[in-house]
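Fold and contact review
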Amino acid sequence: MENKMRKKWIRGGIFLCLVLLLLSNLNRILCVKSPHGVDQARYLYVQPKNKIDVLFLGSSHVHCNVNTQLLWDEYGMAAYLMTGAEQPLWNSYYNLKEALKTQKPKLVVLDMFCPSRFYDDFQPGWADENLDGMRISLNKLEAVYTSVQEEQSHFFLGFTEYHSRYDQLTTEDFQNFVWNRKTQERWKGYTPLKRHAELTEPDMSHVTTSQEMTEKSKEYFEKIVELTKKEGITLALISGPYLLEERDQEVYNSIGQLAEKDGLLFWNTNTPARYREMGLDFSTDYADHAHLNEAGSAKYTAYLGKWLSKNYSFPDRRGQKGYESWENQLMKSGE
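Residues numbered from 1 in each chain as written. Predicted model: local features only at pLDDT ≥ 70, side-chain atom pairs only at ≥ 80, totals over all residues. Heavy atoms only, no water.

1. A short note on the environment of Thr234
- Inspection of the secondary structure puts Thr234 in strand β4 (residues 234-239).
- In this structure Thr234 comes out as partly exposed when scored by relative accessible area, which is 36%.
- Expressed as a C-alpha distance, the spacing of Thr234 and Val109, which sit 125 residues apart in the sequence, is 8.6 Å.
- Dropping the residues within four chain positions of it, Thr234 is found in contact with Lys106, Leu107, Val108 and Tyr312. (Helix = DSSP H or I, 4+ residues; strand = E, 2+ residues; numbered from the N terminus. Buried < 20%, exposed > 50% of the residue type's maximum accessible area, 1.4 Å probe, protein only. Contact = heavy atoms within 4.5 Å.)

Structure, rendered in structure tokens:
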């Protein structure tokens, strides 16, 4: 009798394992993929543990403009872009908490574009890019609760939206399996854009007034400052080049004052002098009004890397064991 029961439990266990394996692989096929936030979060989990030295947080102004391969080639910087489209500071905060589960970065570089441009306490339009890639956990639950007012279970569970993707599947959907871990590990978040737009260079040097971030943005900025201090992580603030508006500059003026109070550096590259220094050409180096193309990102990355290396300390990891995935990164094709 005992043998029969044991065999029954074994068969049941095997069946359950097969069902879970099937569901896991179906999830990998049907889950949403996007190099504008979802993949940045999802591929964080396959990065070598405790190997990311410089963690970038923020909007698409980072993952379209900062070439992690160039930062590695020039400085040996083991960087990763934990970013998402129009990522507000509350999502940056929860992404930082998520990254700290497996990584111990020495430097966090925080993009300040979104708190300068967006004034809504909830931004559901791009919430999926900033939430779908996170694994289910208490941290994700808090991120969902903070980010969206409606359909919270939809954003928390993720798979509730998969049923609509059956007729949208591509070959990429069938490559997201465990045995592709090494390939996924090589991707560090950079999303190059290949299109081209001709723009007119902005000049906001006449804007001297200040305007504060929203209370919610300020609250989560302070949470990020507090968390990085607690973890012994250096924090840097940046804003990459784009067609900024007067109100953006007003908020940047306020952020500069806030950074000075907290003993932080804020590197806003949106001035005519800095455009000249990085050699940025508005007729050839932009993909659109908000993002640099691949050529422009190379110029900005070189400029940013020089500033980071001058003002902060991080190891040169070239040739060190455990950093092979940075040696030959996987650059995703741009739009």
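Back to the text.
2. Points about the nonpolar core
- Formed by 80 residues in total, the largest nonpolar core has its most connected members in Phe56, Met112, Phe221, Leu237 and Leu308.
- Here this core gets six residues from one element, more than from any other, and that element is helix α5 (residues 89-99).
- Here Phe221 is in contact with Leu89, Leu110, Met112, Met213, Leu237, Leu258, Asp262 and Leu264, once residues within four sequence places are set aside. (Core = buried A, V, L, I, M, F, W, Y, C linked by side-chain atoms within 4.5 Å.)

3. Here's the deal with the pattern of salt bridges
- Applying the stated criterion to the full structure yields 14 salt bridges.
- Ionic pairing is found between Glu294 and Lys194, a salt bridge with its closest N-O pair at 2.7 Å. Linking Glu294 in helix α14 (residues 294-311) with Lys194 in the loop between α10 (181-185) and α11 (215-230), this pair joins segments that are 100 residues apart in sequence.
- Given the relative accessible area of 49%, Lys194 is considered partly exposed.
- Here the salt bridges do not stand alone but share partners, grouping Asp53, Lys106 and Arg317 into one network. (Salt bridge = Lys/Arg side-chain N within 4 Å of Asp/Glu carboxyl O.)

4. Notes on the sheet that holds strand β2 (residues 79-83)
- Taken in spatial order, the five strands of this open sheet run β2-β1-β3-β4-β5, and their pairing is parallel. The sheet is open, and its two borders are formed by β2 and β5 (266-268), each paired with just one other strand. When strand polarity is set aside, the average angle formed by the axes of neighbouring strands in this sheet is 20°.
- Bridge count for strand β3 (residues 107-111) against β4 is five bridges, and the pairing is parallel. Bridge assignment links Leu110 to a residue of β4, and that residue is Leu237.
- Packed onto the sheet, α11 meets β3 and β4 and runs at close to 145° relative to β4. (Pairing = 2+ DSSP bridges. Axes fitted to C-alpha atoms, helices over the stretch in contact; angles between N-to-C directions.)

5. Some points on the pairing of β4
- In terms of residue burial, β4 counts as a mostly covered element, since five of its six residues are buried.
- In this structure, β4 lies alongside β5, joined through three bridges in parallel fashion. Paired with Ser239 across the two strands is Asn268, which belongs to β5.
- Handedness of the crossover joining β4 and β5 through helix α12 (residues 246-261) is recorded here as right-handed. (Right-handed = clockwise from strand over helix to strand, strands pointing away.)

6. Some remarks on the environment of Thr228
- Along the chain, the position of Thr228 falls in helix α11.
- Given a relative accessible area of 2%, Thr228 falls into the buried group.
- Leave out the neighbours within four places in its chain, and Thr228 touches Leu96, Val108, Ile233 and Leu235.

7. Regarding unusual backbone geometry
- Unlike most non-glycine residues, Asn50 shows phi in positive territory, near 55°.
- Relative to the helices and strands, Asn50 resides in the loop between α2 (38-42) and β1 (54-58).
- Of the residues examined, Asn50 reaches a relative accessible area of 33% and is grouped as partly exposed.
- One non-glycine residue, Glu86, lies in positive phi territory at about 50°.

8. A look at a negative patch on the surface
- Taken together, the side chains of Asp73, Glu74, Glu324 and Glu327 define an acidic patch exposed on the protein surface.
- At the level of secondary structure, the elements contributing two or more residues to the negative patch comprise α4 (68-75) and α15 (324-327).
- Since its relative accessible area comes to 42%, Asp73 is described here as partly exposed. (Patch = residues over 30% accessible without salt bridge, like charges linked within 9 Å, V, L, I, M, F, W, Y side chains within 5 Å. Areas by Shrake-Rupley, 256 points an atom, 1.4 Å probe, with all protein chains shown as cover. Lys, Arg positive; Asp, Glu negative; His and termini not counted. Charge placed at Lys NZ, Arg CZ, Asp CG, Glu CD.)

9. Things to note about the packing of α5 against α11
- Packing of α5 against α11 leaves a shortest axis separation of 8 Å and a crossing angle of 25°. On the basis of their axis angle, the class for α5 and α11 is roughly parallel. α11 is crossed by α5, and the crossing has left-handed handedness. When α5 is examined against α11, the residues Leu89, Trp90, Ser92, Tyr93, Tyr94, Leu96 and Lys97 are found in contact with a partner set consisting of Lys216, Ser217, Tyr220, Phe221, Lys223, Ile224, Leu227 and Thr228. (Parallel < 35°, antiparallel > 145°, perpendicular 65-115°, else oblique. Left-handed = near helix turned anticlockwise from the far one by under 90°.)

Bear in mind that shape data such as this cannot, by itself, settle questions of function.
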